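A closer look at the structure
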Amino acid sequence: MSWLDDLERKLHDVDIQVVNDAKSPSGRPHVGALRGVLIHDAVYKFLKDKGIKVKNIYGSDDYDPMDELPGGQTAEKYDKYLGAPLSNVPAPEGSEHKDIAMHYISDFFNIFDEIGAEAEFYYMRDYYKSGFFNEAIDILLSRAAEVREIYKKVSNADRPNDWFPAQVVCEKCGKLGTTQIIDYDGKEATYVCREDMVTWAKGCGYKGKVSPFDGNGKLPYKVEWASKWKYLGITIEGAGTDHNTRGGSRDVADAVSRRIFNYQPPVNIPYGFFLMGGAKMSSSKGIGATARDMTNFLPPEILRYLMLTTQPKRAINFEPSQLFITKLFNDYDKLHNKIITGDELPDYEQQIYTLSNVFTDKKYEVVDFSLIVTLIQLPHIDIFERVEERFGRKLTEAEHKNLQKRIEAAKYWLENLATEEELIQLQETLPEEANELSQTQRGFLRTYAKHIKTIDWTEEGLQTAVFDAARLTPINPKLGFAAIYRTVLNKQQGPKAGSLIAYIDKDFIETRFNELDFDIVEYWNETSISQDDFDAWMRDNKDKIIEQKEQEITENSTSVKEYVVSLNDGKTYLKRVKK
RNA sequence: GAUCCAAUAGCUCAGCCGGUAGAGCACAUGCCUUUUAAGCCUGGGGUCCUGGGUUCAAGUCCCAGUUGGAUCACCA
């Protein structure tokens, strides 16, 4: 995988590589946040495998000001907290956590385990309150003019001379996002809590003087980023494309890091968004899948595969369609099967696999996802039993677990993502589209309905009967199947016909298959062969024939001769010859 | 306005360090007859967006442009 090899070449010359990523816990993290998690985790695992000393840290930026109302919460309750540090905002009703930052981040951190990501967590509130960033705050406030210059030069943003690169928590209203430090004497900062500081929060107008240290103050995002690099010794940190634009936050942080802290910025891994059906998912609006949704849906190895097989720079365009999901599972399975059969693989494919399949050993057999999707839509089917039947053995523990997770994924997909058309739906009445079936197909349905009266109503029997009926029509079995799916499900394809029919009422099937108008003369026209062709066929098979019957039938002054011929392979063919 | 990403078969895309253009699906032919999103064989189909440059050699590297998507310029 080139991007990892690339990265290895760019590593800083230090004793220990520190990989960092962070999330502001301002809402339920959307699935895009997982891309960062998995990219950084992949880097961590990749370097560790190479014998390079490395640690992976992940921060909760919980001292950031709350800049929007939490999803599903009332303005009444939370308006007054807009602009306050997230760690100081109370959690919503019913939460087991005290503050809203912990409320949101704790479940997100749980996800790490579930998807096999390893990281040491840290919380920015702790760093601020413990004074860890005191030195950074002092340096930045003292050199405010240089920071203003950087803002101007790098992102062409004008910062007035009474703007300082830190904010303090207002002693009166507790807000942080609304305060502007206008002076710093080396010990204390003079600030105003401004009404018009930002659009998303209103300050109280208070003016005061306070020490900006030990949690009283906080650095704004861009310079905070540079401070984290310097004081946490971060050497590798990717970020989404939103940060990576020219003059964007990454550029500002880079400049601050170099010029103020004399620290080489970490190796960057710019990565693209995670798009859902072509649209960017937004956590704030409560639309699109959250990280939690996606983790509940996809098995970890599939999710990891999806995130890692796409080159970081490219956007992942996730579609919840059956086609897309099936392909995703199949792509992974293909790779997995190559691994278990020991095929030669390009290095990067091997790498992706190793980084994707982090939980189980490699020696398990996977069950096709679309098959599972089909089976769980049919009642009374024990999938585990059916799979063991097919494998011809008991499932191993790993296989059982894997299958269980896939069944859950299939259920999730059916319940939350599948469209009407993708569901298997028994048609209560004969679908309109069935009128497009040929007379041959109609004849087949009638033949089949008649044939299954005489057999055991079992999945296998019903499946075999399709082929028997096809020979007796005669019709290409493919078209026969199509006729069944059209009349029963109003689809072109469907689950294995025998299994499907086995779970449907007998009378229903018989009625349905005889329901279409039937023009027997046209049917004969379509299915008849010439006497010569018939004779040729008989010559070809003459050694195999064990029984032969014939009859002539007439309808509307048209006559055909039907030959029913049984061969020694146990199969019976009908040949129809036009008179 | 600036920046980033993309453009390759009908569709979705792969193409790692420059070396005779690939896969899946779709399509077509043939086979098979317990194939139903779970058969098999074979085949057709490409101006690798355009124009220049570097090179013995460019889908790949460089420059300019076209089209589409995204991001930033307030905050994180």
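All values derive from a computational prediction rather than experimental measurement. (Residues numbered from 1 in each chain as written. Chains lettered and ligands numbered in written order. Predicted model: local features only at pLDDT ≥ 70, side-chain atom pairs only at ≥ 80, totals over all residues. Heavy atoms only, no water.)

Let us look at the overall build of chain A. A count of helical and extended segments in chain A gives 23 helices and 16 strands. The globule rule puts the C-alpha radius of gyration for 579 residues at 25 Å, and the 34 Å found for chain A is more than 25% above it. Based on the C-alpha atoms only, the size of chain A along its principal axes is roughly 110 × 55 × 40 Å. Taking the intrachain contacts of chain A between residues at least 6 apart in sequence as the baseline, contacts between residues at least 24 apart amount to 67%. With the model as given, the accessible surface of chain A reaches about 27,600 Å², and the carbon-plus-sulfur share is 46%. (Helix = DSSP H or I, 4+ residues; strand = E, 2+ residues; numbered from the N terminus. Rg over C-alpha atoms; globule rule 2.2 N^0.38 Å. Contact = heavy atoms within 4.5 Å. Areas by Shrake-Rupley, 256 points an atom, 1.4 Å probe, with all protein chains shown as cover.)

This next bit is on the confidence of the model for chain A. When the pLDDT values of chain A are averaged, the result is 86; 96% of them are 70 or greater. Looking at the elements of chain A, mean pLDDT is at its lowest for strand β12 (residues 279-280), recorded as 40, and at its highest for strand β3 (residues 120-123), recorded as 97. Here the predicted complex carries an ipTM of 0.84, next to a pTM of 0.85. (pLDDT = per-residue confidence, 0-100.)

Turning next to helix α11 (residues 300-309). Burial analysis of α11 places nine of its 10 residues in the buried class, the great majority of the element. Here α11 has its buried residues at P300, E301, I302, L303, R304, Y305, L306, M307 and L308. (Buried < 20%, exposed > 50% of the residue type's maximum accessible area, 1.4 Å probe, protein only.)

Glancing now at helix α7 (residues 144-155). An ideal rise of 1.5 Å per residue puts 16 Å on 12 residues; α7 measures up with 16 Å between its terminal C-alpha atoms. Of all the residues in α7, the buried ones are A144, V147, R148, I150 and Y151. Here the buried residues of α7 occupy an arc of 155° about the axis, which is enough to place them on one side. Contacts made by the buried residues of α7 are with α6 (134-142), α8 (221-232) and α9 (249-259). (Expected span 1.5 Å × (residues − 1). Arc of directions from axis to C-beta.)

Structurally, D254 is set in helix α9. D254 sits in the buried class, given a relative accessible area of 16%. D254 has contacts with W229 and P265, leaving out every residue within four places of it along the chain.

Using the criterion set out here, one finds 28 salt bridges in the structure. The salt bridge involving E365 is made with R393; its shortest N-O contact spans 3.2 Å. Of the two residues, E365 sits in the loop between α13 (347-356) and α14 (369-376) while R393 sits in the loop between α15 (383-391) and α16 (397-417), which places them 28 residues apart along the sequence. On the basis of relative accessible area, R393 is assigned to the partly exposed category, the value being 34%. E562 serves as the salt-bridge partner of R576, at 2.8 Å between the closest nitrogen and oxygen. Linking R576 in strand β16 (residues 572-578) with E562 in strand β15 (residues 558-567), this pair joins segments that are 14 residues apart in sequence. Each member of the pair, R576 as well as E562, is classed as buried. A cluster of three or more residues bridged by salt bridges with shared partners is formed by D41, K45, K48, E118 and R304. (Salt bridge = Lys/Arg side-chain N within 4 Å of Asp/Glu carboxyl O.)

This paragraph deals with unusual backbone geometry. In the segment running from T473 into P474, the intervening peptide bond is cis, with an omega of -15°. Look at N556: it is not a glycine, yet its phi comes out positive at around 50°. Among the structural elements, N556 can be located in the loop between β14 (545-555) and β15. Residue class for N556 comes out exposed when judged on its relative accessible area of 63%. You will see that S557, though not glycine, has its phi angle at about 60°, which is positive.

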